[in-house]
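Survey of secondary and tertiary structure
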Amino acid sequence: RRRKLRDRLVVGIPMAHLDAATGLATEGFLAEHLATLLESYPARRRPLSVLHFSIRNLDAAAAKHGTANAARLHGEVARWIQRLIRAEDTAARVGSDSFVVILPNTEESDARSAMYRIDDVLSHTEFGLDGQPFTLWIASGHASAQSGDTVASLLARAPATPGSGRG
């Protein structure tokens, strides 16, 4: 049931707003969607949180295995994140090695738990590059919306920091 709902939600995002390399929402779509949610935040009084993940060793993967293999790895990580979130959440590619996940109706403690869970799965999954095992170094962060937040202020409070996903 969740998969059907997620597929319907993804179909609702125009192709122009999907990143070709990862299949996730673009940074521009993320900003617009988050701005809309933040605008309605005070009236709805529903919690809103974000997660931020960064692959710290993606450049090392590109240097050792080539940019094409590193791009495939980046896309694979994006697919893992998409599978690990709820249907109502929105994941987006941000920059060259990062992802942000919008978690509507999610308190800070639940966002922190989701961050730990996703970080743990990604950090302990052995990916393959050129037939060799490759382990990700993940930096993660989370933040919950506060009254008066802007997209920039909310995302600034959720920097992806090394070791933050390790409880």
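That block above? That's the structure.
This report concerns the structure included in the present document. (Residues numbered from 1 in each chain as written. Predicted model: local features only at pLDDT ≥ 70, side-chain atom pairs only at ≥ 80, totals over all residues. Heavy atoms only, no water.)

1. As for helix 4 (residues 67-84)
The cut-off we apply is this: Think of it this way: any DSSP run of H or I at least four residues long counts as a helix, any run of E at least two long counts as a strand, and we number them from the N terminus. Here a helix's expected span is defined as the number of its residues, less one, multiplied by 1.5 Å. Relative accessibility thresholds used throughout: buried, under 20% of the residue-type maximum; exposed, over 50%; partly exposed, between the two (1.4 Å probe, protein chains only).
With 18 residues, helix 4 should cover 26 Å at 1.5 Å per step; its first-to-last C-alpha distance of 26 Å lies within 8% of that length. Along helix 4, the residues classified as buried are Asn69, Ala70, Leu73, His74, Gly75, Val77, Ala78, Ile81, Gln82 and Leu84.

2. Topic: the packing of helix 3 (residues 58-65) against helix 4
For clarity, the threshold we go by: Only the contacting stretch of a helix is used when fitting its axis, a line to C-alpha atoms as for every element, and angles between N-to-C directions run 0 to 180 degrees. Small angles under 35 degrees read as roughly parallel and large ones over 145 as roughly antiparallel, with 65 to 115 read as roughly perpendicular and the rest as oblique. The hand of a helix crossing depends on one turn: near helix anticlockwise from the far one by less than a right angle means left-handed, and clockwise means right-handed. By definition, residues are in contact when any of their heavy atoms lie within 4.5 Å. Each residue receives one of three labels: charged for Asp, Glu, Lys and Arg, nonpolar for Ala, Val, Leu, Ile, Met, Phe, Trp, Tyr, Cys and Pro, and polar for the others, Gly being one of them.
Two elements in contact, helix 3 and helix 4, have axes separated by 7 Å at closest approach and are oriented at 140 degrees. Compared by their axis directions, helix 3 and helix 4 come out oblique. Of the two possible hands of crossing, helix 3 and helix 4 adopt the one that is right-handed. For the pair helix 3 and helix 4, the contacting residues are Leu58, Ala61, Ala62 and His65 in the first and Thr67, Asn69, Ala70, Leu73 and His74 in the second. When grouped by side-chain class, the residues that make up the contact of helix 3 with helix 4 number 5 nonpolar, 4 polar and no charged.

3. Overview of unusual backbone geometry
At Asn105, a position not held by glycine, the phi torsion is positive, near 55 degrees. Within the secondary structure layout, Asn105 lies in the loop between strand 3 (98-104) and helix 5 (108-123). For Asn105, a relative accessible area of 37% gives the class partly exposed. Backbone geometry places Asp130, a non-glycine residue, at a positive phi of 55 degrees. Counting through the fold element by element, Asp130 comes out in the loop between strand 4 (126-129) and strand 5 (132-135).

4. Details of the nonpolar core
Convention followed: Buried residues of nine kinds, namely Ala, Val, Leu, Ile, Met, Phe, Trp, Tyr and Cys, make up a nonpolar core once their side-chain atoms join them within 4.5 Å.
Ranked by internal contacts, the top residues of the largest apolar core, which has 28 residues, are Leu51, Leu73, Val77, Ile81 and Leu136. When contributions to this core are tallied by element, the ones reaching two or more residues are strand 1 (48-55), helix 3, helix 4, strand 3, helix 5 and strand 4. Beyond its immediate stretch of four places on either side in the chain, Leu51 contacts Phe99, Val100, Val101, Leu103, Ala111, Ala114, Met115, Ile118, Gly141 and His142. Counting residues in hydrophobic clusters, the runner-up holds 18 residues, among them Ala25, Phe29, Ala145 and Leu154.

5. A word on the environment of His17
Of note, His17 is situated in the loop between helix 1 (2-11) and helix 2 (27-44). In this structure His17 comes out as partly exposed when scored by relative accessible area, which is 24%. For His17 and Gly28, which are 11 residues apart along the polypeptide, the C-alpha to C-alpha distance reads 7.4 Å.

6. Examining the pattern of salt bridges
We count it as follows: The working definition used for a salt bridge is a side-chain nitrogen of Lys or Arg within 4 Å of a carboxyl oxygen of Asp or Glu.
This structure, assessed with the given rule, holds 3 salt bridges. Of the charged contacts, one joins Glu88 and Arg86 as a salt bridge, the two residues approaching to 3.3 Å between their closest N and O atoms. Looking at Glu88, the relative accessible area reads 37%, which means it is partly exposed. Its relative accessible area of 23% is what places Arg86 among the partly exposed residues.

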